[in-house]
Amino acid sequence: MATRQETRQDQQAGAATSGLADVRARLVQAAKTAKRDPKEIELIAVSKTFAAEAIRPVLALGQRVFGENRVQEAQSKWPQLRAEFTDLKLHLIGPLQSNKVRDAVALFDVIHTLDRPKIARMIAEEIARTGRNLQLFVQVNTGEEPQKAGVAPQQAAAFVRQCQEEFGLSISGLMCIPPINEEPALHFALLAKLAHKLGLEQLSMGMSADFETAIAFGATHVRVGSAIFGRRH
Ligand SMILES: *Cc1c(COP(=O)(O)O)cnc(C)c1O
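The present account deals with the structure reproduced in this document. Model, not experiment: these values are computed from the prediction. (Residues numbered from 1 in each chain as written. Predicted model: local features only at pLDDT ≥ 70, side-chain atom pairs only at ≥ 80, totals over all residues. Heavy atoms only, no water.)

Turning next to the site of the ligand. The local shell around the ligand consists of Val46, Lys48, Ile93, Met175, Ile177, Met207, Ser208, Arg223, Val224, Gly225, Ser226 and Arg232. Arg223 places a polar side-chain atom, nitrogen or oxygen, 2.9 Å from a nitrogen atom of the ligand. In the environment of the ligand, an oxygen atom lies 2.8 Å from a nitrogen or oxygen atom belonging to the backbone of Gly225. Protein chains bury 89% of the 380 Å² of accessible surface belonging to the ligand in isolation. By residue class, the composition of the shell around the ligand is six nonpolar, three polar and three charged. (Near = heavy atom within 4 Å. Polar contact = N/O pair within 3.5 Å; in protein donor to acceptor, adjacent residues only side chain to side chain. Areas by Shrake-Rupley, 256 points an atom, 1.4 Å probe, with all protein chains shown as cover. Nonpolar A, V, L, I, M, F, W, Y, C, P; charged D, E, K, R; others polar.)

The structure is reproduced here in structure tokens:
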């Protein structure tokens, strides 16, 4: 007989696989509606707070792109999975502290949350030291919320230029997390406009509740957690 623990894991696994299938179908539909090629839109499965056992069924369905918001948590589960699945791409979508830059550059393939010169300089130094090839996004605080990470919209251009010219970093695009109680479309439109002005092609925007809207506004990376894995505890 299955233990209670196993039963809960089986339920989680079932929810994650039907969640992924559903999100994939919705992504394709949203792309079609926007007259875009679904292949241009990267689905990042946000696995924060979920253990390797909950992630495995999603790996079994071929998903290889995952997002985590804490460096330390990611270090506790991904090196082992990466040894088994060598084509994984890991995205850091949470804030990066200076004492975690070395670990983050070693583990992640993409960082979405660049927003300070100090961290940008450290990332550039780590990339030069290790020869790692990272993709970088600058996070923009489109709602100008004091507690939220990201550069203010009116500072985005200067910061992107500083990253490129002073630190020699290649910036792929912009990322935002809209305020909870505002219409996300306004923020997606603002991010797309900023990126266009700066000649940046990638847009990391859209989560479980609003990724279809984000796709309509040009998202190239959607970060979807609970719609795939279920509610976080
Ligand atoms: C947790 C998180 C997500 C995923 O959120 P869901 O609503 O569960 O899809 C996306 N982006 C960031 C930055 C997050 O921290």
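From this point, the discussion proceeds with the structure in view.
We now examine the packing of aromatic side chains. Scanning the entire structure with this criterion turns up two aromatic pairs. Judged by centre distance (5.2 Å) and plane angle (25°), the rings of Phe50 and Phe229 are stacked. Of this pair, Phe50 sits in the loop between strand E1 (42-46) and helix H2 (52-60) while Phe229 sits in helix H9 (residues 226-229), placing them 179 residues apart in sequence. The exposure class assigned to Phe50 is buried, which follows from its relative accessible area of 5%. (Phe/Tyr/Trp six-rings, centres within 6.5 Å; stacked < 30°, edge-to-face > 60°. Helix = DSSP H or I, 4+ residues; strand = E, 2+ residues; numbered from the N terminus. Buried < 20%, exposed > 50% of the residue type's maximum accessible area, 1.4 Å probe, protein only.)

In an α-helix, one full turn covers 3.6 residues, which means residues spaced three or four apart are oriented alike. Across its 15 residues, helix H7 (residues 184-198) extends 21 Å between first and last C-alpha, which sits within 8% of the 21 Å expected from 1.5 Å per residue. Among all positions in H7, only Pro184, Ala185, His187, Phe188, Leu191, Leu194 and Ala195 are buried. Buried residues along H7 sit against helix H6 (156-166), strand E6 (171-175), strand E7 (202-204) and helix H8 (211-216). Its side-chain oxygen at 3.1 Å from the backbone nitrogen of Ala185, Glu183 defines the N-terminal cap of H7. In the stretch just after H7, Gly199 is the one whose phi turns positive, near 70°. (Expected span 1.5 Å × (residues − 1). Contact = heavy atoms within 4.5 Å.)

Next up on the list: the packing of H2 against helix H3 (residues 71-84). In contact at an axis separation of 11 Å, H2 and H3 are set at 30° when each is read in the N-to-C sense. By the angle between their directions, the pair H2 and H3 is classed as roughly parallel. Viewed along their axes, H2 and H3 form a crossing whose handedness is right-handed. Counting all contacts with H2, which are made through Ala52, Ile55, Arg56 and Leu59, the residues of H3 involved are Lys77, Trp78, Leu81 and Glu84. Of the residues in the contact of H2 with H3, the class split is five nonpolar, no polar and three charged. (Axes fitted to C-alpha atoms, helices over the stretch in contact; angles between N-to-C directions. Parallel < 35°, antiparallel > 145°, perpendicular 65-115°, else oblique. Left-handed = near helix turned anticlockwise from the far one by under 90°.)

So, about the nonpolar core. Phe66, Leu114, Ile123 and Leu169 are the most contacted members of the largest nonpolar core, which has 65 residues in total. Broken down by element, this core gets its largest block of residues, six residues, from helix H1 (residues 4-33). Sequence-distant contacts of Leu169, that is, excluding residues within four places in its chain, are made with Leu114, Ala120, Ile123, Ala124, Ile127, Leu136, Cys163 and Gln164. (Core = buried A, V, L, I, M, F, W, Y, C linked by side-chain atoms within 4.5 Å.)

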